[in-house]
Amino acid sequence: MSKTYLNYVGEIITDVEYHGLGEPEGFLEVHMDVELPFRLYCRMNDADWEAVSENERLELIKELEETKAKYSKSDYRYYTMDFYLASLGGL
């Protein structure tokens, strides 16, 4: 029997976008283990998650790691990839 995992597919926005949109409802601040010059926010609605199989999970982790490698640690997208990886248990 194959395991099913949840993959976060929702939107992740920066603090600039969050405040620019008037602090939209339904977004939560993402807490990171490192001090960053920006904050990230995500939604946690049911529609922001999809079920994936073990094989899909492993492929997604590989793709996310490859994408993450393209960004420097000063780029917020580096940390959004961390969030997506963490949702899959890939960190």
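Preceding block: the structure.
Residues numbered from 1 in each chain as written. Predicted model: local features only at pLDDT ≥ 70, side-chain atom pairs only at ≥ 80, totals over all residues. Heavy atoms only, no water.

A. Layout of unusual backbone geometry. Notably, glutamate 23 is not glycine yet its phi reads approximately 50°, a positive angle. Positionally, glutamate 23 belongs in the loop between helix H1 (15–20) and strand E3 (27–30). (Helix = DSSP H or I, 4+ residues; strand = E, 2+ residues; numbered from the N terminus.)

B. A look at the side chain of threonine 14. Assignment of secondary structure puts threonine 14 in strand E2 (residues 12–14). Using a relative accessible area of 11% as the deciding quantity, one classes threonine 14 as buried. When neighbours within four sequence positions are excluded, threonine 14 is seen to be in contact with Arg39, Leu40, Tyr41 and Tyr76. (Buried < 20%, exposed > 50% of the residue type's maximum accessible area, 1.4 Å probe, protein only. Contact = heavy atoms within 4.5 Å.)

C. A look at helix H2 (residues 54–68). The first and last C-alpha atoms of H2 sit 21 Å apart over 15 residues, in line with the 21 Å expected at 1.5 Å per residue. Those residues of H2 not exposed but buried are Arg57, Ile61, Leu64 and Lys68. The arc that holds the buried residues of H2, viewed along the axis, is 70°, so those residues lie on one side. On the buried face of H2, the contacting elements are strand E1 (4–8), strand E5 (49–53) and helix H3 (76–87). (Expected span 1.5 Å × (residues − 1). Arc of directions from axis to C-beta.)

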